[in-house]
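Summary of the model geometry
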2 protein chains.
Amino acid sequence: MEKVTVKQLYRESEKFAGKTVLVKGWVRTIRASNAFGFIELNDGTFFKNLQVVFESELENYKDISKLAISSSLSIEGEFALTPEAKQPFELKAKKVVIEGKSDADYPLQKKRHSFEYLRTIAHLRPRGNTFSAVFRVRSLAAYAIHKFFQERGFVYVHTPLITGSDAEGAGEMFRVTTYDLNNPPKDENGKVDFKEDFFGKETSLTVSGQLNGECYALAFRDIYTFGPTFRAENSNTARHAAEFWMIEPEIAFADLLDDMELAEDMVKYVINYVMENAPEEMEFFNKFIDTTLFDRLNNVVSSDFGRVTYTEAVEILEKSGENFEYPVKWGIDLQTEHERYITEKHFNKPVFVTDYPKEIKAFYMRINDDNKTVAAMDLLVPGVGEIIGGSQREERLEVLEARMAELGLKKEDYWWYLELRKYGETKHAGFGLGFERIIMYITGMTNIRDVIPFPRTTGTAEF
Amino acid sequence: MEKVTVKQLYRESEKFAGKTVLVKGWVRTIRASNAFGFIELNDGTFFKNLQVVFESELENYKDISKLAISSSLSIEGEFALTPEAKQPFELKAKKVVIEGKSDADYPLQKKRHSFEYLRTIAHLRPRGNTFSAVFRVRSLAAYAIHKFFQERGFVYVHTPLITGSDAEGAGEMFRVTTYDLNNPPKDENGKVDFKEDFFGKETSLTVSGQLNGECYALAFRDIYTFGPTFRAENSNTARHAAEFWMIEPEIAFADLLDDMELAEDMVKYVINYVMENAPEEMEFFNKFIDTTLFDRLNNVVSSDFGRVTYTEAVEILEKSGENFEYPVKWGIDLQTEHERYITEKHFNKPVFVTDYPKEIKAFYMRINDDNKTVAAMDLLVPGVGEIIGGSQREERLEVLEARMAELGLKKEDYWWYLELRKYGETKHAGFGLGFERIIMYITGMTNIRDVIPFPRTTGTAEF
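Reading guide: rules and limits
- Residues numbered from 1 in each chain as written.
- Chains lettered and ligands numbered in written order.
- Predicted model: local features only at pLDDT ≥ 70, side-chain atom pairs only at ≥ 80, totals over all residues.
- Heavy atoms only, no water.
- Pairing = 2+ DSSP bridges.
- Helix = DSSP H or I, 4+ residues; strand = E, 2+ residues; numbered from the N terminus.
- Buried < 20%, exposed > 50% of the residue type's maximum accessible area, 1.4 Å probe, protein only.
- Core = buried A, V, L, I, M, F, W, Y, C linked by side-chain atoms within 4.5 Å.
- Contact = heavy atoms within 4.5 Å.
- Least-squares fit on C-alpha atoms with pLDDT ≥ 70 in both.
- Buried area = accessible area lost by both parts, 1.4 Å probe.
- Salt bridge = Lys/Arg side-chain N within 4 Å of Asp/Glu carboxyl O.
- Polar contact = N/O pair within 3.5 Å; in protein donor to acceptor, adjacent residues only side chain to side chain.

Okay, the sheet that holds strand 8 (residues 162–163) of chain B next. Taken in spatial order, the six strands of this open sheet run 8(A)-10(A)-9(A)-9(B)-10(B)-8(B), and their pairing is antiparallel. Among the strands making up the open sheet, the edge pair consists of strand 8 (162–163) of chain A together with strand 8 of chain B. Inspection of the sheet shows strand 8 of chain B paired to strand 10 (residues 203–205) of chain B by two bridges, in the antiparallel sense. Across the sheet, residue B:Ile162 finds its bridge partner in strand 10 of chain B, namely B:Leu205.

Residue and element names in this part refer to chain A. Not every positive phi belongs to a glycine, and Asn371 is a case in point at roughly 60°. For Asn371, the location among the structural elements is in the loop between strand 14 (351–357) and strand 15 (373–381). Exposure remark for Asn371: the relative accessible area of 47% places this residue in the partly exposed category.

Turning our eyes to something else, we now look at the nonpolar core. Residues A:Ile388, A:Phe435, B:Ile388 and B:Phe435 are the most contacted members of the largest nonpolar core, which totals 235 residues. Among residues more than four places away in sequence, those in contact with A:Ile388 are A:Ala263, A:Met266, A:Val267, A:Met377, A:Asp378, A:Leu379, A:Phe431, A:Gly432 and A:Leu433.

As a further point, take the relation of the copies chain B and chain A. Once turned by 180° and shifted 0.0 Å along the axis, chain B lies on chain A with an RMSD of 0.0 Å. Look at the turn and shift together and you get a two-fold axis relating the two. Proximity to the rotation axis, assessed at the C-alpha, singles out B:Val176 in chain B; its C-alpha lies 2.5 Å from the axis.

As a further point, take the interface of chain B and chain A. With 111 residues of chain B at the contact, the number on the chain A side is 111 residues. Both sides of the chain B and chain A interface together cover about 9200 Å² of buried area, and 61% of this is carbon and sulfur. Between B:Lys201 and A:Glu462 there is a salt bridge; the shortest N-O distance is 3.4 Å. In this structure, the connection of chain B to chain A is made through 38 residue pairs in polar contact (both at pLDDT 80 or more). Ranked by residues supplied to the side of chain B that touches chain A, first place goes to helix 5 (residues 129–151) of chain B with twelve residues.

What follows concerns the pattern of salt bridges. Within this structure, the stated rule accounts for 50 salt bridges over all chains. When the shortest N-O distance is used, the salt bridge between A:Glu90 and A:Lys92 registers 3.2 Å. On the accessibility criterion, A:Glu90 (11% relative accessible area) is buried. A:Lys92 sits in the partly exposed class, given a relative accessible area of 38%. Each of A:Asp103, A:Asp105 and B:Lys422 takes part in salt bridges that share partners, so that together they form one network.

Here we come to the pairing of strand 15 of chain A. Residues and elements named next belong to chain A. Within strand 15, nine of the nine residues are buried, which leaves it mostly tucked inside the rest of the structure. Bridge analysis of strand 14 against strand 15 gives six bridges, and the strand direction is antiparallel. Along strand 15, the bridge assignment pairs Phe352 with Leu379. Hairpin connection, strand 15 to strand 16 (residues 385–392): the antiparallel pair is bridged by three residues, and Gly383 has positive phi, about 95°.

Structural measurements only, silent on function.
Written out as structure tokens, the structure reads:
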């Protein structure tokens, strides 16, 4: 008798028709009369359930009939195609072994629960439809990203999480220490003395692997990072988490145009991969989470992404006649309302906005010949706004040093980053993609807490 | 004219023979007479260099001749097969554009440098042979792991790094806080009050994602994690880092035998994948780093791994006649010398040691019927010793609670972990593989600092 998964039964039902098979899984629903009963069995391998029919001839029929949701079973039965019925096939149970009984107080009953409530049972929520779909898609999208870059010869680099430098000053950081906070060693001035701490100095959790990534791009040419990143910002929004995953490719002998091409190819690849490999989950999202989802994703996949400079974008916004909450003029950082107008109303497709004023962008971005803007790009997508931010990097040592001096950054802190410009500098570029952002975009889920298995946000580090 | 990579030229040299191509890369070596010169050009896409011939007819011949190592160039030239020469082909330069001159003090000169020295220039070391090979292999091995699990339908789970619980008490932890250590808020007893800290309580960096992983295995059946893990242990050895990457698969409806089968398949798969996809790098390791490497890896790939219980292993050691530094008797934790005797001398192949005394293993491992041992397994490999540790998990609520009480672990701290045993428990198992351990094993590198791009160890968090 063959051990099979529910996925196998769905994908190769003809092959198993009429055969006796062994399936193991959890009860999603159960109902029984005196004579027979039905179980919807889910084994975790597939989004859909297997319908199991069990009859009163089974010696443990009564025990089975009384099972609570989420009980685990091992079932031998005959797999039968049922072309006349609603479901395509069913398993006629010959023997049912109860592996683990679930308690009757199982918190995930059949009725709908709010996402807020489900966050309080993050250890159980992937057993329901929505979160099993979200987290399978998350897994597939992560793999798609690796596959995309590896097929193109990119080297995957694990950049460090604990860092002794403030990198780009991109955000508030978490401190990392082995000191007992009640009693840390002090120096003669009564200040905490970090010389005795684990790393011999103050350390934090990284906000970006980019600067480290650049070192590797200047050795391997094309690299990417994919790892956790941290922000200690006290912002209790639906789009911010303290711990999230980020993808940061970096390409040498490449400029901003190459960078945008890479970003566009990657986004399309990931969406296509998920659509092909999780069709049932995607149907579910399109039906129950966001009915515009397929339209939106198909639009992304089939469009040539638009391109517009920041200066042009500002003109478009000024001429739009829209009444924005934040007034538009050259020099401002675009707000979500502006970004969405550009991508949704004006272009109605994803669009790269390029060449931002240097004042609102990071020190490492390459200064354009106008000396006012930098070779930066943000990818805006309908329904969300910014999803990717990138730039060509400043490869000219003097220009970079001058810019750092302007911003008060110390050369000593970036000695190794600056050395990349001394020893065979090249044009290079890269971008960052917040992984959760693209998962939200692909699934239609609107709260970042619902696309991270065990989210860490202000005030919350449960499980 | 076609832009090509050095990898393309090596892999499809016939296709490009006689063609004019454009290549960009960095100078690895350069020598020139008055009439002509040679450049070994590396573009990061391939382990080997492209030989470039340039002649004094080039208008910038003198500038080129004087270039320092690691200068970046853009070269148009004719690609010619050279069957009569040592190298298989060369590029006859027609035009050489100097993109970035390297300084003459470039620290990675052609002579051999010690690995210790190279750690001090971690931003440049991947530009040399050894570390370009190490980090390409690391990238390929990481991908092989994803590919292995994804092809088998496993769901990739991102378990949290910041944790509010001490998990399994597996090791010293780093504290995470946003408090200013000079002045943290205190409660009425003068102790640090964590209520005001970012997460409203004390938090640390995780030592294992296993307990979180189990939640997902009991939803998806087969899952794996692959992410950073931390140990704040003050051990300055060649095998320990404060930050490293770990793979932790977890499989439901599975026992210790399934677990060992999975581990064996995975190890073989990763080795085969790297051998196939980085043949040049692996040749290099076998020639310059560890001349027993191929023998060792071929032995692993072609062996059926041995299996022996801890009790049998102790008997083997007692009867061995060896004079061990640590005397052997039933109940001790096996030391590296014991492990290596078992795998190298007795079996001469990888071997799983199973069923360890419960006293030396973690609380979550399943108690065997003898009530003395647990369903644990360690995989020992020749040349290293332990490389994987795993177990079947205790799925019986009462047994688990009793074991936790014995060890003084509080039920409240593990409420969600215990609930997995209330709501549809099943047999399940898993293991942990330190990613750096397998990279060291595959490359022959003997110091963990040399297989992590920017290592974090006691006293060191540079770059």
